[in-house]
Amino acid sequence: MTRNFPWVFFICLMSLVCCEVQSVSAKFSECEECHIKISPQMVQDFNRGVMAESLTCKNCHGRSHMNAGDVDKAQLPTIKTCRPCHSGQVKQYLSGKHAFGLIAMEAMPYTHRQPQAFVAGQKGCGGCHTLGLQDEKVREGEGRKYYRYGMDCQNCHTRHSFSKAEASEPEACMTCHMGFDHAQWEMYSGAKHGVTYLINRTIDTKNKDRAPKCQTCHMPDGNHRVFSAWGFLAVRLPEEDPEWMGYRATILKGLGVLDPAGNPTARLDIVKNAKMARLTKDEFQAERERYVNICRQCHSPNFVSENIRNADLMLKEADKLFAEAIEIVAGLYQDGFIQKRKEYSAYPDLLTFYDVNTKIEQTLYEMFMDHRMKAFQSTFHLNSDYATWYGYAKMKKDLVEIKELEKKMREEKIN
Ligand code: HEC
Ligand code: HEC
Ligand code: HEC
Ligand code: HEC
Ligand code: HEC
Ligand code: HEC
Ligand code: HEC
Ligand code: HEC
């Protein structure tokens, strides 16, 4: 009995292995038979995912390419490829802010002056703004001539596992929502909500959903429409607080949305088309209410409104410093200390970001993109360290620097 046992075990094992190999290879499509030799892990990833149960490679890449000589005939999927089977997610996605990623990037006045590898080749701006692809063009080979890749949905459901579980963790957002001007990951993961979520995810899984993750607040019920009330630029209209509206008007002049006299320019249409700001009170309120209702699942109404109110007020404080700085630099334009570029008015153009000629404008750009962003985004993501030391305190420092540089520029010109 004991002498036979290993043999019985071995035979059982062999038949298991054989069955496994047979069933897998029987499932392999022609595409996979060849691709398993090129990049086996890719084929494995796909076959571990739920879609492998009913789809093959052809469902997303077509059947026109069949050998090494006709690779350019392989279709690369777009949102339209997924739509027939996932119309709900696609519809939500297209109505949300992510679908504006490409439009917003291309609308910036200096994007076309950046290196091609950086934008079209997706090594810089284009790496994160590969969202909202114009699909028909790609199919017909007209679009993305420089670089073929970069598909929306795989930003969270990475190929070829296309996993729901992976996309549901906050790290799925980190690849883009991190760093210099949108450090949501750093703010969240270092603050109460993130820390509580991350601790419970690993050590107390029954409490996994006790604290919110990005998706709880931004994709409730799996809704693929992401949208915030303030947005990235944080310049809503109308503004009922007259003092704040004064600062806002200056910022809008810096953004080139208002001309120096305060009249709307053509840029207002860009802002409208790319939904870069909420331009009516109702629009702002609708987005805001969605958030408040989510907070109220875990906190009391009073606690929530106090917290949101203070977050808004921090933005006002940040705007006060920022507007003062913009007016100082604008003064240098108006008095001829900084040479106007053709497309410039009497204000610095904040949307040129780092493509500026003077040190004082560099400081203003950092105040705008680095420090003002952190000063207000942190208040919604509960990170007091970012609000203080990376945000508000740095804005104070910028303002001192700007005043000093202004003084120097005026003195130098006179002497
Ligand atoms: C005889 C082998 C073979 C077969 C069969 C085959 N492929 Fe390929 N496929 C290749 C090779 C080789 C490449 C290019 C690899 C490289 O150099 O990047 C490729 C590349 C691709 C690419 C990438 C295209 C790009 O622009 O980067 C896709 C997608 C693809 N194949 C899908 C398929 C699908 C779907 C099928 C079945 C309908 C299939 N392949 C069948 C060999 C094959
Ligand atoms: C559910 C749709 C879907 C299916 C099914 C699918 N792919 Fe893909 N595949 C994608 C997406 C999305 C990309 C990324 C395209 C881009 O970046 O524009 C991609 C990219 C590729 C690439 C080029 C990028 C790389 O990483 O090398 C190859 C090769 C490829 N797929 C092969 C396959 C093979 C082989 C199969 C079958 C095992 C398959 N795909 C099944 C959606 C799919
Ligand atoms: C021919 C139909 C079809 C197409 C095309 C298709 N899918 Fe799917 N997808 C399915 C089916 C079937 C399932 C499994 C059942 C379900 O959960 O709905 C699925 C499931 C999924 C899931 C959930 C995976 C999980 O872990 O539960 C994701 C994410 C997904 N698909 C993404 C995509 C993306 C992205 C595309 C386009 C690149 C795409 N699908 C194209 C049919 C399709
Ligand atoms: C690391 C990823 C990443 C890179 C690189 C990147 N962006 Fe962004 N960008 C984002 C994210 C994420 C947002 C949204 C941030 C938010 O709302 O807080 C955004 C927002 C924007 C917006 C504002 C959209 C709106 O509606 O308000 C513009 C415009 C923009 N980016 C342009 C660019 C340009 C131009 C470059 C290159 C110089 C660039 N981005 C580089 C991730 C990136
Ligand atoms: C910003 C990240 C993100 C992007 C981009 C994204 N998804 Fe999702 N997706 C998620 C999350 C998170 C979930 C899990 C939602 C939940 O909890 O029900 C999900 C779930 C899904 C599911 C599974 C639904 C279910 O309940 O079984 C499908 C299918 C899906 N997404 C398709 C897509 C398609 C198609 C695209 C591109 C148009 C896309 N997703 C783009 C984050 C994303
Ligand atoms: C507790 C809920 C909550 C969590 C968790 C959360 N956010 Fe937010 N987020 C908010 C609120 C509230 C706003 C501001 C909404 C408004 O404008 O009224 C916001 C704003 C944003 C914005 C717009 C710019 C800004 O920062 O103000 C982006 C982008 C964003 N969040 C991404 C993320 C990402 C990525 C994560 C995870 C790393 C995350 N959020 C985690 C509630 C949350
Ligand atoms: C591929 C990069 C990328 C990934 C991954 C990504 N985002 Fe974004 N996200 C962006 C960009 C770029 C924008 C700005 C698009 C625009 O406005 O033009 C944006 C905008 C947003 C906004 C809207 C902010 C506003 O201005 O109102 C929210 C909210 C958001 N993302 C949340 C998330 C969450 C939550 C996740 C993870 C589940 C996530 N994002 C994953 C790149 C990304
Ligand atoms: C899924 C439940 C959940 C949601 C949704 C949620 N929170 Fe929380 N929140 C928590 C938990 C748990 C803590 C940690 C409890 C503690 O600090 O004692 C916390 C902590 C906080 C804290 C820090 C409290 C302190 O005293 O340190 C603030 C402020 C806060 N939340 C505000 C909000 C706001 C504003 C929203 C909506 C944008 C929100 N929360 C959404 C569960 C949630």
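Everything that follows concerns the structure shown earlier in this document.
Quantities reported herein were computed from a predicted structural model and do not represent experimental measurements. (Residues numbered from 1 in each chain as written. Chains lettered and ligands numbered in written order. Predicted model: local features only at pLDDT ≥ 70, side-chain atom pairs only at ≥ 80, totals over all residues. Heavy atoms only, no water.)

## Topic: empty space enclosed by the protein
Counted by the stated rule, this structure contains 3 cavities of 30 Å³ or more. Approximately 70 Å³ is the volume found for the largest cavity. Considering the residues around the largest cavity, the lining is formed by Pro-348, Asp-349, Leu-350, Thr-352, Phe-353, Val-356, Glu-361, Leu-364, Tyr-365 and Phe-368. Considering only residue class, the lining of the largest cavity consists of 7 nonpolar, 1 polar and 2 charged. In this structure, the second largest cavity occupies an estimated 60 Å³ of space. Lining the second largest cavity are Leu-233, Val-235, Leu-237, Leu-252, Leu-255, Val-257, Leu-268, Val-271, Met-276, Ala-277 and Leu-279. Considered class by class, the residues forming the lining of the second largest cavity number 11 nonpolar, no polar and no charged. (1 Å grid on protein atoms, 1.4 Å probe; cavity = no way out; pocket = protein on both sides within 12 Å on 5 of 7 lines; lining within 4 Å. Points joined across faces, edges and corners; volume = space filled by probe spheres on them. Nonpolar A, V, L, I, M, F, W, Y, C, P; charged D, E, K, R; others polar.)

## A closer look at the coordination of the iron atom of ligand 7
In ideal tetrahedral geometry, four donors around a metal make angles of 109.5 degrees, whereas ideal octahedral geometry with six donors gives angles of 90 or 180 degrees. Ligation of the iron atom of ligand 7 by protein atoms is provided by His-98 (NE2) and His-177 (NE2), these donors lying 2.0 Å from the ion. Metal-centred angles of 85 to 180 degrees between the 6 donor atoms at the iron atom of ligand 7 mark the site as octahedral. Highlighted residues: His-98 in the loop between helix 6 (87-95) and helix 7 (101-107) and His-177 in the loop between helix 12 (171-174) and helix 13 (184-189), separated in sequence by 79 residues. (Donors = N, O, S within 2.8 Å, 3.2 Å for Na, K, Ca; no water. Tetrahedral: all angles 85-135°; square planar, octahedral: opposite > 155°, others 65-115°. Helix = DSSP H or I, 4+ residues; strand = E, 2+ residues; numbered from the N terminus.)

## Considerations on the site of ligand 4
Taken together, 17 residues form the shell around ligand 4, and within it Lys-97, Cys-125, Cys-128, His-129 and Gln-184 come nearest. In the environment of ligand 4, an oxygen atom lies 2.6 Å from a nitrogen or oxygen atom belonging to the side chain of Lys-97. Shared between two domains, the shell around ligand 4 holds at least three residues of each, these being domain 1 (70-162) and domain 2 (182-414). (Near = heavy atom within 4 Å. Polar contact = N/O pair within 3.5 Å; in protein donor to acceptor, adjacent residues only side chain to side chain. Domains from an automatic or database assignment.)

## What about the packing of helix 2 (residues 30-38) against helix 3 (residues 40-48)?
Two elements in contact, helix 2 and helix 3, have axes whose closest approach is 5 Å; the angle formed by their N-to-C orientations is 130 degrees. Put simply, helix 2 runs oblique to helix 3. Residues Glu-32, His-35, Ile-36 and Ile-38 of helix 2 lie in contact with helix 3, whose contacting residues are Pro-40, Val-43, Phe-46 and Asn-47. Of the residues contributing to the contact of helix 2 with helix 3, the split by class is 5 nonpolar, 2 polar and 1 charged. (Axes fitted to C-alpha atoms, helices over the stretch in contact; angles between N-to-C directions. Parallel < 35°, antiparallel > 145°, perpendicular 65-115°, else oblique. Contact = heavy atoms within 4.5 Å.)

## A word on unusual backbone geometry
Residues Arg-159 and His-160 are joined by a peptide bond in cis, for which omega reads -10 degrees. Here His-160 is to be found in the loop between helix 10 (135-139) and helix 11 (164-167). With omega at -10 degrees, the peptide bond leading from Leu-237 into Pro-238 counts as cis. Secondary-structure assignment places Pro-238 in the loop between helix 15 (214-218) and helix 16 (242-254). One non-glycine residue, Gln-122, adopts positive backbone phi at about 65 degrees. Residue position: Gln-122 is located in the loop between helix 8 (116-119) and helix 9 (125-128). A positive phi angle is found at Phe-162, which is not glycine, with a value near 45 degrees. Here Phe-162 is to be found in the loop between helix 10 and helix 11. Of the residues examined, Phe-162 reaches a relative accessible area of 27% and is grouped as partly exposed. (Buried < 20%, exposed > 50% of the residue type's maximum accessible area, 1.4 Å probe, protein only.)

## Observations regarding the coordination of the iron atom of ligand 6
Coordination sphere of the iron atom of ligand 6, protein contribution only: His-218 (NE2) and His-381 (NE2), at 2.0 Å. Given 6 donor atoms and angles of 86 to 179 degrees at the metal, the environment of the iron atom of ligand 6 is assigned as octahedral. Of the two residues, His-218 is situated in helix 15 and His-381 in the loop between helix 20 (359-380) and helix 21 (384-414); the sequence distance between them amounts to 163 residues. A residue is classified by how much of its surface remains accessible, and His-218, at 27% relative accessible area, is partly exposed.

## Quick notes on helix 14 (residues 192-203)
Taking 1.5 Å as the rise per residue, helix 14 with 12 residues should run 16 Å; its terminal C-alpha atoms sit 16 Å apart, in good agreement. Those residues of helix 14 lying buried are Gly-194, Thr-196, Tyr-197 and Asn-200. Along the axis of helix 14, the buried residues cluster in a sector spanning 165 degrees; they form a single face. In this structure, helix 14 carries Thr-202 and Ile-203 as exposed residues pointing more than 90 degrees from its buried face. (Expected span 1.5 Å × (residues − 1). Arc of directions from axis to C-beta.)

## Remarks on the pattern of salt bridges
Note that side chains of opposite charge can pair when their charged atoms are close. This model, assessed by the stated rule, comprises 20 salt bridges. The closest approach of N and O atoms between Glu-169 and Arg-201, which form a salt bridge, is 2.8 Å. On the criterion of sequence distance, the pair formed by Glu-169 in the loop between helix 11 and helix 12 and Arg-201 in helix 14 is long-range, its members being 32 residues apart. Taking the relative accessible area as the measure of exposure, Arg-201 reaches 23% and is therefore partly exposed. One salt bridge in this structure joins Arg-267 and Asp-349, with 2.7 Å as the shortest N-O distance. In this pair, Arg-267 sits in helix 17 (residues 267-273) while Asp-349 sits in the loop between helix 19 (301-334) and helix 20, placing the two residues 82 residues apart along the sequence. The class for Asp-349 is buried, based on a relative accessible area of 9%. It is possible to trace a salt-bridge network through shared partners that takes in Glu-169, Glu-171, Arg-201 and Lys-208. (Salt bridge = Lys/Arg side-chain N within 4 Å of Asp/Glu carboxyl O.)

## With respect to the nonpolar core
Counting 52 residues, the largest nonpolar core has Leu-255, Phe-322, Ile-360, Leu-364, Met-367, Phe-368 and Ile-402 as its most contacted members. Where this core is concerned, the elements lending two or more residues are helix 16, helix 17, helix 19, helix 20 and helix 21. Sequence-distant contacts of Phe-368, that is, excluding residues within four places in its chain, are made with Leu-233, Leu-255, Phe-322, Leu-350, Phe-353 and Met-373. Core analysis: the second largest hydrophobic core is formed by 7 residues, Tyr-93, Ala-99, Leu-131 and Met-151 among them. (Core = buried A, V, L, I, M, F, W, Y, C linked by side-chain atoms within 4.5 Å.)

## With respect to the site of ligand 8
Looking at ligand 8, the residues that line it are Lys-192, His-193, Asp-209, Arg-210, Pro-212, Ile-294, Cys-295, Cys-298, His-299, Phe-303, Asn-307 and Leu-382. Take His-193: an N or O atom from its side chain is 2.8 Å from a nitrogen atom of ligand 8. For ligand 8, a nitrogen atom lies 2.8 Å from a polar atom in the side chain of His-299. Among the elements of the structure, helix 14, helix 18 (281-295) and helix 19 are those that each provide at least two residues to the shell around ligand 8. A per-class count over the shell around ligand 8 returns 6 nonpolar, 3 polar and 3 charged.

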